[in-house]
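# Overview (structure and organization)
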Amino acid sequence: MRLRLAALLFLIPSMALAADYKIDTAHSSAEFSVRHLMVSNVKGTFGNVTGTITYDPKNLAASKVEASMDVSTVNTGQPQRDGHLKSPDFFDAAKYPTITFKSKQFYMDGGALKVKGDLTMHGTTKEVVLNVDGPTPEVSAMGSINIGATATTKVNRQDFGVSWSKSLDGGGAVVADEVAITLELAATRPAAK
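None of these values were measured; they are calculated from a predicted model.

## Side note on the nonpolar core
One recurring pattern in soluble globular proteins is that nonpolar side chains are buried together. Counting 42 residues, the largest nonpolar core has Phe46, Phe91, Ile99, Leu119 and Leu183 as the members making the most contacts within it. Per-element tally for this core: the top contributor is strand S11 (residues 175-190), with five residues. In contact with Phe46, not counting residues within four places along its chain, are Ser29, Ala30, Phe32, Met69, Asp70, Val71, Thr73, Val74, Phe91 and Ile99.

Here's what the structure looks like:
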């Protein structure tokens, strides 16, 4: 499926040239999942995802993305836990109000699009690779041209100084170190008039 989608992207006439898009905040989100008590996954989201994307399927070296997420919007469905996540024990939202990603390289690997870049969280920047499903073909609707993509990666929260946890009596940690991240992005550009 990914191989066919990637191949189709290179054939779509409307995507033949580089295009600049603005991330559609109303239709984009950053999601995370982390193991809790070694038995279940706690999932959450960050809202207010903003940024820009330049995409050129014919010249991936000209493609780039910059995105920012508002830490104060963290939502796991539990207000008490969300408050703890915003505290200095975790994200320290007052001191580090945003999480950002800035690409350094777009490339194909086995027919799948990858984006290498710098993820900055909790005042620490580390290089990560996003596995991209998409982008979709352009769709014209409501006066704009729209695309979408899903990007995933995994990070070790300890690498970013997000290190709070407690040990369980039988071994293991209350909060696992590995965090799965999923970015659901929609982006738009003005339609030609």
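From this point, the narrative continues.
## Re unusual backbone geometry
Of note, the bond from Gly134 into Pro135 is cis; its omega dihedral lies within 30 degrees of zero at 0°. With respect to the helices and strands, Pro135 occurs in the loop between strand S8 (124-133) and strand S9 (139-141). A positive phi angle is found at Asp92, which is not glycine, with a value near 50°. Relative to the helices and strands, Asp92 resides in the loop between helix H2 (79-86) and strand S6 (98-109). For Asp92, a relative accessible area of 15% puts it in the buried group.

## Description of the pattern of salt bridges
Taken as a whole, this structure holds four salt bridges when the rule is applied. Here Glu127 ties to Lys104 by a salt bridge, and the two come within 2.6 Å at their closest N and O atoms. Highlighted residues: Glu127 in strand S8 and Lys104 in strand S6, separated in sequence by 23 residues. The partly exposed category is assigned to Lys104, whose relative accessible area is 49%. Overlapping salt bridges bring together Lys104, Asp118 and Glu127 as one network.

The rules behind the values
Residues numbered from 1 in each chain as written. Predicted model: local features only at pLDDT ≥ 70, side-chain atom pairs only at ≥ 80, totals over all residues. Heavy atoms only, no water. Core = buried A, V, L, I, M, F, W, Y, C linked by side-chain atoms within 4.5 Å. Buried < 20%, exposed > 50% of the residue type's maximum accessible area, 1.4 Å probe, protein only. Helix = DSSP H or I, 4+ residues; strand = E, 2+ residues; numbered from the N terminus. Contact = heavy atoms within 4.5 Å. Salt bridge = Lys/Arg side-chain N within 4 Å of Asp/Glu carboxyl O.

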